[in-house]
Amino acid sequence: MRIFSNDYFELIEENGKVYIQNYKKGFPIKQFDEILGSLTRMKLSNFSNLKKSLQEEASNPVEIGYWFPPMEIEVSKDKMTAHLIVYESTILENPSQFQKELNDILTQRQIVHGIKELNLESITIGKPIVIAEGTEPIKGEDAQVTYIKIPERKPVIREDGKADYFDMNFIFEINENDWLGEKIPAQPGINGKNVYGEEIPAPPGKDIPLKYDRKSAYEVEEDGKIVIRALNKGVVEERQGLLMINNHLPIDGDVGLETGNLEFDGSISISGTVQKGFSVIATGDISIEGTEGVTGAKLIQSREGDIYIKGGIFGLGQTTVKAGGNIYVKHVNEANLYAKKNIVIGFYSLNSSLQADSILVDERKGKIIGGKAIARNTIVTAISGNRMERRTELIIQSVNRQEGYKIIQEKAALLKSTQEEMEKLSEKIEKLAALKNRLTPAQAKVYKEMKEVLEDKKQQVIELDNEIQEMIAAIKSIGKEEIIVKKEAYPGTYIQIGKQSSLITKTTKGKFLLEFGELNI
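This is a predicted model, so every value here is computed, not measured.

**Topic: helix H3 (residues 95-108)**
- Given a rise of 1.5 Å per residue, 14 residues ought to cover 20 Å, and the 20 Å separating the end C-alpha atoms of H3 matches this to within 8%.
- Turning to H3, its buried residues are Phe 98, Leu 102, Ile 105 and Leu 106. An end-on view of H3 places all buried positions within 100° of arc, on one side of the element. Every exposed residue of H3 that faces more than 90 degrees away from the buried side is listed here: Ser 96, Thr 107 and Gln 108.
- On its buried face, H3 is in contact with strand S6 (71-75), strand S7 (81-86) and strand S8 (129-133).
- Of the residues one or two after H3, Gln 110 is the one with positive phi, at around 60°.

**Observations concerning the nonpolar core**
- Residues Val 274, Ile 300, Ile 309, Leu 337, Ile 379 and Ile 483 are the most contacted members of the largest nonpolar core, which totals 45 residues.
- The leading source of residues in this core is strand S29 (residues 327-339), at six residues.
- If we skip the residues at most four places from it in the chain, Val 274 touches Val 255, Ser 279, Val 280, Ile 288, Val 294, Thr 295, Ala 297 and Ile 300.

**Structural notes on the sheet that holds S8**
- The antiparallel open sheet is built from three strands, whose spatial order is S6-S7-S8. Edge positions in the sheet fall to S6 and S8, since each has one partner strand and no second. Sheet twist, expressed as the mean angle between neighbouring strand axes with direction ignored, is 30°.
- Note that S7 and S8 share four bridges and pair antiparallel. If you follow Ala 82 over to S8, its bridge partner there is Ala 132.
- Packed on one face of the sheet, H3 meets S6, S7 and S8 and runs near 35° to S6.

**Considerations on unusual backbone geometry**
- Of note in this structure, Glu 334 is not a glycine but carries a positive phi near 50°.
- Mapped onto the elements, Glu 334 comes out in strand S29.
- Under the relative-accessibility criterion, Glu 334 is labelled partly exposed at 35%.
- We note that Asn 351 has phi near 50°; this positive angle belongs to a residue other than glycine.
- Take Asn 351: it is sitting in the loop between strand S30 (342-350) and strand S31 (353-361).

**Some points on the packing of aromatic side chains**
- Summed over the entire model, instances satisfying the criterion amount to five aromatic pairs.
- With a centroid separation of 5.8 Å and 45° between ring planes, the pair formed by Phe 9 and Phe 32 is classed as tilted. Within this pair, whereas Phe 9 is found in strand S2 (residues 9-14), its partner Phe 32 is found in helix H1 (residues 29-38), the two being separated by 23 residues in sequence. One exposure class covers both Phe 9 and Phe 32, and it is buried.
- Considering the side-chain rings of Phe 68 and Tyr 87, the 4.3 Å spacing of their centres and the 10° angle between planes classify their relative orientation as stacked.

**Quick word on the pattern of salt bridges**
- Evaluated as defined, the whole model comprises 19 salt bridges.
- Between Lys 100 and Asp 104 there is a salt bridge, with its nearest N and O atoms 3.4 Å apart. Placement of both Lys 100 and Asp 104 in helix H3 is noted, with a separation of four residues, approximately one turn of the helix.
- Relative accessible area serves as the criterion here: at 42%, Asp 104 is assigned to the partly exposed category.
- Between Lys 183 and Asp 207 there is a salt bridge, with the nearest N and O atoms lying 3.0 Å from each other.

**So, the pairing of S7**
- Along S7, five of the six residues are buried, which leaves the element largely enclosed by surrounding structure.
- Pairing between S6 and S7: five bridges, direction antiparallel. Bridging across to S7, Ile 73 finds its partner in Leu 84.
- Connecting S6 to the antiparallel partner S7 that follows it, the hairpin turn spans five residues, and Lys 79 within it adopts a positive phi of roughly 65°.

**Thoughts on the environment of Lys 298**
- Mapped onto the elements, Lys 298 comes out in the loop between strand S25 (294-295) and strand S26 (299-302).
- Put simply, Lys 298 and Gly 317 are 19 residues apart on the chain and 9.7 Å apart in space, counted from C-alpha to C-alpha.
- Each residue touching Lys 298, except ones within four places of it in the same chain, is listed here: Gly 277, Phe 278, Ser 279, Gln 318, Thr 319 and Thr 320.

**A short note on the sheet that holds strand S19 (residues 242-246)**
- Strand order in the open sheet formed by three strands is S12-S18-S19, with antiparallel pairing between adjacent strands. Sheet topology places strand S12 (173-174) and S19 at the edges, where each strand pairs with a single neighbour.
- Pairing of strand S18 (residues 234-239) with S19, which is carried by five bridges, proceeds in the antiparallel orientation. Counted as the bridge partner of Glu 237 is Met 244 from S19.

**Quick word on a negative patch on the surface**
- The grouping of Glu 420, Glu 423, Glu 427 and Glu 430 at the surface amounts to a negative patch.
- On the secondary structure map, Glu 430 appears in helix H4 (residues 401-434).

Conventions and cut-offs
Each residue is numbered by its place in its chain's sequence as written, counting from 1. Given that the model is predicted, a residue must reach a pLDDT of at least 70 before its local features are reported, and side-chain atom pairs must reach 80 or more before they are shown or counted; all residues, however, enter totals for whole chains, interfaces and linings. Side-chain measures here rest on the full set of heavy atoms in the structure, leaving out hydrogens and waters. Helix and strand assignments come from DSSP, with helices taken as H or I runs of at least 4 residues and strands as E runs of at least 2, each series counted from the N terminus. Given a helix with a known number of residues, its expected span is that number minus one, times 1.5 Å. Burial classes follow relative accessibility: with a 1.4 Å probe on protein chains only, a residue under 20% of its type's maximum area counts as buried, one over 50% as exposed, and anything between as partly exposed. Working definition: the arc comes from the directions between the helix axis and the C-beta atoms, pointing outward to the latter. Pairs of residues are marked as contacts when any of their non-hydrogen atoms sit within 4.5 Å. Among the buried residues, those of types Ala, Val, Leu, Ile, Met, Phe, Trp, Tyr and Cys that are joined through side-chain atoms within 4.5 Å form a nonpolar core. Pairs of strands are assigned from DSSP output, requiring at least two bridges between the strands. Note on geometry: axes are lines fitted to C-alpha atoms, helical ones only across the stretch in contact, with angles between N-to-C directions running from 0 to 180 degrees. Two aromatic rings from Phe, Tyr or Trp, using only the six-membered ring of Trp, form a pair when their centres are within 6.5 Å; if the ring planes differ by under 30 degrees the pair is stacked, by over 60 it is edge-to-face, and anything between is tilted. One speaks of a salt bridge when a side-chain nitrogen belonging to Lys or Arg is within 4 Å of a carboxyl oxygen belonging to Asp or Glu. Each patch is built from residues lacking any salt bridge and having more than 30% relative accessible area; the joining distance is 9 Å for like charges and 5 Å for nonpolar side chains (Val, Leu, Ile, Met, Phe, Trp, Tyr). Note on areas: Shrake-Rupley, 1.4 Å probe, and residue coverage restricted to the protein chains presented here. His is not counted, nor are the chain ends; Lys and Arg add positive charge and Asp and Glu add negative charge. Charged groups are reduced to one reference atom each: NZ for lysine, CZ for arginine, CG for aspartic acid, CD for glutamic acid.

Below is the structure:
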């Protein structure tokens, strides 16, 4: 089909390709641009062939471009968008005929979804316009988890005009089958469709595991929710990222001759005190409520929980307090305190040894006088030392970065292997679950044991992940360690952060830290 001709050449279309047949050389190449502009359906694809042909006498037809149909549809690679491109303006002059031809092309290309109505006036020749658009899939809602709110263990120092005291709600007890938390499961998404009408699967919402101790709580489905309830009466605690119910041993009175030393797998609350020379050891929290405090006790130890001593400690040089979590105490005198997390002191520490992640003494009027306070992160007090220049050591011993990375790698390797074991175990459980109604008693027993092992491994994974995150946080805090003395650091106060140290020789105050590797004292 001839699409253009003049005295020099003619353009011929054949099977969607454009050829030039030259009769006479010398046609200016710039004038060819004007011809090309009038041929909206033509696209030049080989300029060198065109230039060469225009410079020669009569020659055989040479391919130089493409010839588009009056209109065409291009579909994106993801099949979510179809564009219409109109190359011939005359087809827009008859709207009904245009719509018929458009419908024919849509049918031919099997485009059936998301077809849009077009305003012919919005169409620009040669410019793509959206004719069909797919429906994106909608991701399902993520699971929603809610847990029982455990009262915050935040000591409050009050002033009633007569005396100051250190008070907090420490033991939070619940009954068997009480609500502990719930999860609204992740929801399936809404599938989408591409322009061909093909369904696009929607990703489901993200599941969130319920973090609780399977030995002290259970889950049950209620009204479309997964609800956690207590297996027994006890004290609610959060340990290693897990919600759990600890056994609770309440002591109405003192720990002494009548009770003997106590060792208990759970939490202990003592309404009185721990008498001189006696010990209390628990896996969970320990709360000693007596306002007179503890005098001369031998050992108070919580292996995994927190310790709260309302009335303070008079250690007489023989009391040791150890906590797998935090220690909260009104005051401490001649005692040794060790906490995996924080030591929080209401009034003062006198001639005592303190070791924790952070040591926090009331910044308004708290005092550390004598002894040694060693933290990994922060030490805060209002006053350090005294006017008698008693030596008081405030020391930050941060995590060794290389050792920290080594621990993370070891725990990450253990985490990975545990997850792999879980996957293999889950596959076996799924196979047995398909045959659940046909299992022999022995097989049913194995099935139950495997599920219990899987639950234990799930808890191991949660605990390992928490330990890794704690170590990562500790490494990130390297270089941010600080010792804060809000009001007065007396001469005799020894400040050490890492390997840098200084003995204060005149009364000062402030935030002490490393700046460019040196103490800012």
